[in-house]
Amino acid sequence: MFIEPTRRREPPHLRVGWIELICGSMFSGKTEELIRRLNRARIAKLNVGIFKPSLDTRYHDQNIVSHNSSVITSIPVPDAASILPLAHACDVVGIDEAQFFDSAVVDVCNQLANDGKRVIIAGLDMDFSGKPFGCMPQLMAVAEFVTKVHAICVVCGDIAHYSYRLVPSQERVLLGETDSYEARCRRCFHLGPDAPHREWVQE
Ligand SMILES: Nc1ncnc2c1ncn2[C@@H]1O[C@H](COP(=O)(O)OP(=O)(O)OP(=O)(O)O)[C@@H](O)[C@H]1O
Ligand SMILES: Cc1cn([C@H]2C[C@H](O)[C@@H](CO)O2)c(=O)[nH]c1=O
Ligand SMILES: [Zn+2]
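Summarised in this report is the structure supplied together with it. (Residues numbered from 1 in each chain as written. Chains lettered and ligands numbered in written order. Predicted model: local features only at pLDDT ≥ 70, side-chain atom pairs only at ≥ 80, totals over all residues. Heavy atoms only, no water.)

### Thoughts on the overall build of the protein chain
And step 1. Helix and strand counts for the protein chain stand at five helices and 12 strands.
And step 2. Its C-alpha radius of gyration of 18 Å places the protein chain within 12% of the 17 Å reference for a compact globule of 203 residues.
And step 3. The dimensions of the protein chain, computed from C-alpha atoms along their principal axes, are 60 × 40 × 30 Å.
And step 4. Here the protein chain holds 203 residues, and the buried ones make up 50% of them.
And step 5. Excluding contacts between residues fewer than 6 apart, the proportion of contacts in the protein chain whose partners are at least 24 apart in sequence is 69%.
And step 6. For the protein chain, the exposed surface amounts to about 10,600 Å²; the carbon and sulfur share of it is 54%.
And step 7. If the 22 positive side-chain charges of the protein chain are averaged to one point and the 25 negative ones to another, these points end up 6 Å apart. (Helix = DSSP H or I, 4+ residues; strand = E, 2+ residues; numbered from the N terminus. Rg over C-alpha atoms; globule rule 2.2 N^0.38 Å. Buried < 20%, exposed > 50% of the residue type's maximum accessible area, 1.4 Å probe, protein only. Contact = heavy atoms within 4.5 Å. Areas by Shrake-Rupley, 256 points an atom, 1.4 Å probe, with all protein chains shown as cover. Lys, Arg positive; Asp, Glu negative; His and termini not counted. Charge placed at Lys NZ, Arg CZ, Asp CG, Glu CD.)

Rendered as structure tokens:
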């Protein structure tokens, strides 16, 4: 588990910020981990702002909701630059679904951290075809801390780090959850549609 660096309450002009990146496949617990860290920042009475791309309207317009129904209220923004003025008064800035942001997100995170803020940003590291997604590689490079979380392969039960698409679309952006994607390990990802899903075993 990631242990948060301590953040002393220096006067604003002396504050040092940093970037924490949480990445992994779908169902790997990125949003859960983001919510956990942000809730702890709130317990520390820090001013927390949470943003997501307005493109991601899954479940709810304003809330960030994990697959196991943890919820936190966020501000949907049309692009990365819109975060800067909205995050002005924040000590901690959370950003979810980072893969959907435009390339300015890297500069925005750097500016926020340079301005003394703790930035916690989560996103899919690979798209459905196994290619790095959007600006995630650049964010990995500039972040001080990178946490890669894993799902469970629904075919064989191993550790999964791919998001396998179950529908024929080749569009990069296709919102969905278990209706259109499943988590798969390296081996089962490459088995494609013929992968033999394990049956439930009754004790
Ligand atoms: N194959 C799976 N492996 C692990 N967890 C799963 C799986 N399918 C469903 N879950 C549930 O998903 C939860 C993690 O959901 P969470 O929303 O945090 O993932 P995520 O990485 O943010 O996904 P997404 O990229 O789709 O937003 C787990 O705690 C578990 O309850
Ligand atoms: C893997 C993958 C997920 N997604 C979407 C599905 C979900 O709505 C979101 C991940 O939480 O990203 C894409 O748009 N393209 C992809 O290649
Ligand atoms: Zn597998």
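Structure shown, so let's carry the discussion forward.
### Some remarks on the site of ligand 1
And step 1. Neighbouring residues of ligand 1: 18 residues in total, closest Lys-30, Thr-31, Glu-32, His-67 and Ile-152.
And step 2. Within the contact set of ligand 1, an oxygen atom lies 3.5 Å away from a backbone nitrogen or oxygen of Ser-25.
And step 3. Here an oxygen atom of ligand 1 and a backbone polar atom of Gly-29 are 3.0 Å apart.
And step 4. At three residues, helix α1 (residues 30-43) tops the list of elements feeding residues into the shell around ligand 1.
And step 5. In terms of residue class, the shell around ligand 1 is made up of seven nonpolar, seven polar and four charged. (Near = heavy atom within 4 Å. Polar contact = N/O pair within 3.5 Å; in protein donor to acceptor, adjacent residues only side chain to side chain. Nonpolar A, V, L, I, M, F, W, Y, C, P; charged D, E, K, R; others polar.)

### Some remarks on the pattern of salt bridges
And step 1. Per the counting criterion, the structure on display carries eight salt bridges.
And step 2. Of the charged contacts, one joins Lys-117 and Asp-115 as a salt bridge, the two residues approaching to 3.7 Å between their closest N and O atoms.
And step 3. Each of Glu-20, Glu-33, Arg-36, Arg-37 and Arg-118 takes part in a single network of salt bridges with overlapping partners. (Salt bridge = Lys/Arg side-chain N within 4 Å of Asp/Glu carboxyl O.)

### Some thoughts on helix α3 (residues 104-114)
And step 1. Taken together, the buried positions of α3 are occupied by Val-105, Val-106, Val-108, Cys-109, Leu-112 and Ala-113. Each buried residue of α3 lies within a common arc of 165° when the element is viewed along its axis, so the set occupies one face.
And step 2. On its buried face, α3 is in contact with β1 (18-24), α2 (83-86), β6 (92-95), β7 (118-124) and α4 (136-142).
And step 3. Positive phi appears at Gly-116, one or two residues downstream of α3, with a value of about 95°. (Arc of directions from axis to C-beta.)

### Comments concerning the packing of aromatic side chains
And step 1. Evaluated as defined, the whole model comprises three aromatic pairs.
And step 2. Here Phe-100 and Phe-133 contribute two aromatic rings whose centre-to-centre distance is 5.9 Å and whose plane-to-plane angle is 90°, an arrangement assigned as edge-to-face. With Phe-100 in the loop between β6 and α3 and Phe-133 in the loop between β7 and α4, this pair connects stretches of sequence that are 33 residues apart.
And step 3. Residue classification places Phe-133 among the buried positions, given a relative accessible area of 5%.
And step 4. Ring plane angle 90° and centroid distance 6.2 Å describe the contact between Tyr-164 and Phe-189, whose orientation is recorded as edge-to-face. Note that Tyr-164 is positioned in strand β11 (residues 162-165) and Phe-189 in helix α5 (residues 186-191), a separation of 25 residues in sequence. (Phe/Tyr/Trp six-rings, centres within 6.5 Å; stacked < 30°, edge-to-face > 60°.)

### Quick notes on the site of ligand 2
And step 1. Residues in contact with ligand 2 amount to 17 residues; listed here are only the nearest, Glu-97, Phe-128, Arg-172, Leu-174 and Gly-176.
And step 2. Glu-97 places a side-chain nitrogen or oxygen 2.9 Å from an oxygen atom of ligand 2.
And step 3. Between ligand 2 and the protein, one listed contact pairs a nitrogen atom with a side-chain N or O atom of Tyr-181 at 3.4 Å.
And step 4. Expressed as a share of its isolated accessible area of 410 Å², the protein-covered part of ligand 2 is 98%.
And step 5. The residue inventory of the shell around ligand 2, partitioned by class, reads nine nonpolar, three polar and five charged.

### Brief notes about a nonpolar patch on the surface
And step 1. A surface patch of nonpolar side chains, amounting to about 220 Å² of accessible area, comprises Leu-55, Val-173 and Leu-175.
And step 2. On the secondary structure map, Leu-55 appears in the loop between β2 (48-53) and β3 (63-65). (Patch = residues over 30% accessible without salt bridge, like charges linked within 9 Å, V, L, I, M, F, W, Y side chains within 5 Å.)

### Observations concerning the environment of Cys-188
And step 1. Mapped onto the fold, Cys-188 is located in helix α5.
And step 2. Apart from the residues lying within four places of it in its own chain, the contact partners of Cys-188 are Cys-153, Val-155, Cys-156 and Ala-195.

By themselves, these figures tell us nothing about what the structure is for.
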